[in-house]
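One letter stands for each residue in the lines below.
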There are 2 protein chains.
Amino acid sequence: MAHAAEIVRKGRKFDQVLQGARQVFLADGFEGASVDDIARAAGVSKATLYSYFPDKRLLFMEVARLECLRQGEESLALIEVAATPRMVLKEAAERMLGFLLSDFGQRVFRICVAEADRFPELGRQFYETGPMMVRNRLTEFLTECVDRKQMEIDDIELAADQFAELCKADLFPRLVFNIDATFSEAEIARVIDGAVETFMARYAI
Amino acid sequence: MAHAAEIVRKGRKFDQVLQGARQVFLADGFEGASVDDIARAAGVSKATLYSYFPDKRLLFMEVARLECLRQGEESLALIEVAATPRMVLKEAAERMLGFLLSDFGQRVFRICVAEADRFPELGRQFYETGPMMVRNRLTEFLTECVDRKQMEIDDIELAADQFAELCKADLFPRLVFNIDATFSEAEIARVIDGAVETFMARYAI
DNA sequence: CACCATATAAACCGATCAGTTCAGTTTCAA
DNA sequence: TTGAAACTGAACTGATCGGTTTATATGGTG
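Reading guide: rules and limits
- Counting of residues starts from 1 at the beginning of each chain's written sequence and follows it residue by residue.
- By the order in which they are written, chains take letters starting at A while ligands take numbers starting at 1.
- Two thresholds apply to this predicted model, a pLDDT of at least 70 for residue-level local features and 80 or more for giving and counting side-chain atom pairs, whereas whole-chain, interface and lining totals are computed over all residues.
- Side-chain measures here rest on the full set of heavy atoms in the structure, leaving out hydrogens and waters.
- The criterion for a residue being near a molecule or strand is simple. One of its heavy atoms has to lie within 4 Å of it.
- Pairing of N or O atoms within 3.5 Å defines a polar contact, subject to two protein rules: one partner must be a possible hydrogen donor and the other a possible acceptor, and residues neighboring in sequence count only if both atoms are side-chain atoms.
- Runs of E in the DSSP output that reach at least two residues are strands. Runs of H or I that reach at least four are helices, and both are numbered from the N terminus.
- Side-chain classes are defined by residue name, with Ala, Val, Leu, Ile, Met, Phe, Trp, Tyr, Cys and Pro counting as nonpolar, Asp, Glu, Lys and Arg as charged, and the others, Gly among them, as polar.
- Residues below a pLDDT of 70 in either copy are left out; the C-alpha atoms of the rest, at least 70 in both, set the least-squares superposition of the copies.
- Between two residues, a contact is recorded if the distance between any of their heavy atoms is within 4.5 Å.
- We place a 1 Å grid over just the protein atoms. Points where a 1.4 Å probe fits but has no way out form a cavity, open points with protein on both sides within 12 Å along at least 5 of 7 lines form a pocket, and any residue with an atom within 4 Å of a point lines it.
- Grid points are joined across faces, edges and corners, and a volume is the space filled by probe spheres set on the points.
- Accessible area, probed at 1.4 Å, shrinks when two parts are joined; the buried area is that loss added up over both.
- Note on definitions: salt bridges are taken to be side-chain nitrogens of Lys or Arg within 4 Å of carboxyl oxygens of Asp or Glu.
- Cysteine sulfur atoms are paired as a disulfide whenever they come within 2.5 Å of each other.
- Expected helix span is given by 1.5 Å per residue-to-residue step, counting one fewer step than there are residues.
- Only protein chains enter the accessibility calculation, which uses a 1.4 Å probe; a residue is then buried when its area is under 20% of its type maximum, exposed when over 50%, and partly exposed in between.
- Any two rings among Phe, Tyr and Trp, with Trp reduced to its six-membered ring, count as a pair given centres within 6.5 Å; such a pair is stacked if its planes are under 30 degrees apart, edge-to-face if over 60, and tilted if neither.
- In our convention, an over-ring charge means Lys NZ or Arg CZ found within 6 Å of a ring centre and within 35 degrees of that ring's normal.

### Focus on the protein's contact with DNA strand C
Argument step 1. Not every one of the 19 residues close to DNA strand C is listed here, only the nearest: A:K13, A:T48, A:Y52, B:K46 and B:K56.
Argument step 2. Near the protein, meaning within 4 Å, the atoms of DNA strand C are sugar or phosphate in a fraction of 70%, with bases accounting for the rest.
Argument step 3. A:S45 places a polar main-chain atom, nitrogen or oxygen, 3.2 Å from a phosphate oxygen of DNA strand C.
Argument step 4. Only α3 (46-52) of chain A together with α3 (46-52) of chain B provide two or more residues apiece to the surface near DNA strand C.
Argument step 5. Residue composition of the surface near DNA strand C, grouped by class: 7 nonpolar, 5 polar and 7 charged.

This is the structure we're talking about:
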């Protein structure tokens, strides 16, 4: 973790700084957030902020790193193996969309996309704790299904990715391009059920 | 077209300005692009630029509007109805990915996502000439398939959206988060074939 | 109490950038 | 050829922002 080497972690206000930074970065993005705003939001002087983080970039990376970790931990909740594949898929879809459609998930995504070339490491970090995590969990589960002869899948990783994408149908474009900010239960259920049905039609035995 | 009302269109260098703006905006985004850079790239003085476009925002919107139009026109090429559904889907997938994976498509997407809240109209514009266009074309085709009893689909629009999403499996996240910038023919073929197979498994009679 | 790390407010610096101004030059059509 | 419209380049304004500095205050510890 070379990037954290220069960060001084001791001090009473360290957490305050991170908390304020998180709030402002998430609301305004990297360029949009001013250090003065962050200091104000954190209830801390700019000098204090700079005593912890030598520059804005590093502060941003630390916030992003923590958010990625948080996201990763959340998705680690176990998948119930006792249930039917249909139920498991539905559960997984609900969890995925729960994050993707949340105000918070949306902001993180937007920032990652926007800053992906300014912060090359950031994109990878988000990818690994997000989409890749989802794929791994799903791959695990699908492998079990194949072993139990419930499904027949030649390319399991592709199948996992397909399911993840199916869950975004309609909803994701509308969200990403700011057509809608929230969706009704019915809209979400329509997409999830559709995803499960299509997936099962292809892969269930 | 209220937003274009203030734009003066006459003058020798009008197109030069747009062309330079397109180049710089696409490379650097809205905030990242400086008006001086644009003027330089356009081979035009800043005063001339401002004589056409009263401010940077308006210039950006005009560039984005034209790009959206261009994109829309491109996707309007007819779908060959004589071919089998499988072939039509494959063709549609190739065209979609051709745009999405191109350096240019990627930049436009990135900018739209990043500036979606700074330019509310921009997101909608892109959505309507992009994802919505694709959905409409696909919906048309799928309706024909249903009429011809080649497929059985209860929610045709959802099916269209599903197919579009299936085409993005694996590739899109990797692109968006800057994991990879280009993909091999084999990688693309794998995803397209997978998308067609899954789609047909669900909906073909 | 005295010390020292920590924190603060506010002024300040240098750079960048959108947008303006202006005196002078080019272009082109009548 | 002439005159107006279009264009130029360069300087300038005013504002924002990242980052630094300084003089001062606070609070816990030995």
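Moving on from the coordinates now.
### Digging into the relation of the copies chain A and chain B
Argument step 1. By a simple turn and slide, chain A fits onto chain B: the slide is 0.0 Å along the axis, the RMSD is 0.1 Å, and the turn is 180 degrees. Those values place the two copies in the arrangement expected of a two-fold rotation axis.
Argument step 2. Most of the interface of chain A is mirrored in chain B: 100% of its interface residues are interface residues there too.

### What about the layout of surface pockets?
Argument step 1. Computed from the structure, the largest pocket encloses a volume of approximately 870 Å³.
Argument step 2. Lining the largest pocket are 38 residues, and of these A:A114, A:E115, B:A114, B:E115 and B:R118 sit closest to its centre.
Argument step 3. Residues of the lining of the largest pocket, tallied by class, amount to 14 nonpolar, 8 polar and 16 charged.

### Concerning the protein's contact with DNA strand D
Argument step 1. Close contacts around DNA strand D come from 18 residues, with A:K46, A:K56, B:K13, B:T48 and B:Y52 the closest.
Argument step 2. The contact atoms of DNA strand D, taken as those within 4 Å of the protein, divide so that sugar and phosphate hold 65%.
Argument step 3. Contact between DNA strand D and B:R12: a phosphate oxygen at 2.9 Å from a main-chain N or O atom of the residue.
Argument step 4. In the environment of DNA strand D, a phosphate oxygen lies 2.7 Å from a nitrogen or oxygen atom belonging to the side chain of B:T48.
Argument step 5. Elements represented by at least two residues in the surface near DNA strand D include exactly α3 of chain A together with α3 of chain B.
Argument step 6. Looking at the surface near DNA strand D residue by residue, the classes come out as 7 nonpolar, 5 polar and 6 charged.

### A short note on the interface of chain A and chain B
Argument step 1. At the junction of the two partners, chain A supplies 38 residues and chain B supplies 38 residues.
Argument step 2. Taking both sides of the interface into account, the surface hidden between chain A and chain B amounts to around 3,500 Å²; carbon and sulfur atoms contribute 67%.
Argument step 3. The largest contributions to the chain A side of the interface with chain B come from A:V113, A:E165 and A:F177, which together make up 19% of the buried area.
Argument step 4. Linking chain A with chain B are 4 salt bridges.
Argument step 5. Residue A:D170 is joined to B:R135 by a salt bridge in which the shortest nitrogen-to-oxygen separation is 2.9 Å.
Argument step 6. Taken together, chain A and chain B are joined by 16 residue pairs in polar contact (both at pLDDT 80 or more).
Argument step 7. Residue assignment for the side of chain A that touches chain B shows that the elements contributing at least two residues are α6 (103-115), α7 (120-129), α8 (131-147), α9 (156-166), α10 (171-176) and α11 (185-203) of chain A.
Argument step 8. No other element matches the 9 residues that α11(A) contributes to the side of chain A that touches chain B.

### What to know about empty space enclosed by the protein
Argument step 1. Evaluation of the coordinates by the stated rule reveals 3 cavities of 30 Å³ or more.
Argument step 2. Here the largest cavity is characterised by a volume of approximately 130 Å³.
Argument step 3. For the largest cavity, the lining is made up of 15 residues, of which A:L26, A:A64, A:E67, A:V108 and A:I111 are closest to its centre.
Argument step 4. When residues of the lining of the largest cavity are traced back to their parent elements, those giving at least two are α1 (14-32), α4 (56-74), α6 and α7 of chain A.
Argument step 5. When residues in the lining of the largest cavity are grouped by element, the largest group, 6 residues, is from α4(A).
Argument step 6. Taken as a whole, the second largest cavity encloses approximately 100 Å³ of empty space.
Argument step 7. In terms of lining, the second largest cavity is formed by B:F25, B:L26, B:F60, B:V63, B:A64, B:E67, B:C68, B:V108, B:I111, B:C112, B:L122 and B:F126.
Argument step 8. Those elements that place two or more of their residues in the lining of the second largest cavity are α1 (14-32), α4 (56-74), α6 (103-115) and α7 (120-129) of chain B.
Argument step 9. Here the element with the most residues in the lining of the second largest cavity is α4(B); it accounts for 5 residues.

### What to know about the environment of A:S45
Argument step 1. Locating A:S45 in the fold gives a position in the loop between α2 (35-42) and α3.
Argument step 2. Put simply, A:S45 and A:F199 are 154 residues apart on the chain and 54 Å apart in space, counted from C-alpha to C-alpha.

### Structural notes on the state of the cysteines
Argument step 1. Scanning the model with the defined rule gives 0 disulfides over all chains in all.
Argument step 2. Sulfur of A:C167: no disulfide; nearest cysteine sulfur belongs to A:C145 and is 15 Å away.

### Focus: α6(A)
All names here are of chain A.
Argument step 1. Helix length check: α6 (13 residues) gives 18 Å between terminal C-alpha atoms against 18 Å at 1.5 Å per residue, within 8%.
Argument step 2. Burial within α6 is extensive, with 10 of its 13 residues counted as buried.
Argument step 3. Three or more residues of α6 are buried, namely F104, G105, Q106, V108, F109, R110, I111, C112, V113 and E115.

### With respect to the packing of aromatic side chains
Argument step 1. Throughout the structure, instances matching the rule amount to 26 aromatic pairs over all chains.
Argument step 2. Consider the rings of A:F14 and A:Y52, whose centres lie 5.5 Å apart with planes at 85 degrees: the pair is edge-to-face. Of this pair, A:F14 sits in helix α1 while A:Y52 sits in helix α3; the two residues are 38 residues apart in sequence, bridging distant segments of the chain.
Argument step 3. Taking relative accessible area as the criterion, A:Y52 reaches 7% and is therefore assigned buried.
Argument step 4. Here B:F14 and B:F53 contribute two aromatic rings whose centre-to-centre distance is 5.6 Å and whose plane-to-plane angle is 20 degrees, an arrangement assigned as stacked. Placement of the pair is B:F14 in helix α1 and B:F53 in the loop between α3 and α4, with a sequence separation of 39 residues. Each member of the pair, B:F14 as well as B:F53, carries the same accessibility label: buried.
Argument step 5. In this structure, B:R70 is placed above the aromatic ring of B:F104, and the distance from its NZ or CZ to the ring centre is 5.3 Å.

By themselves, these are just geometric observations and shouldn't be taken as functional.
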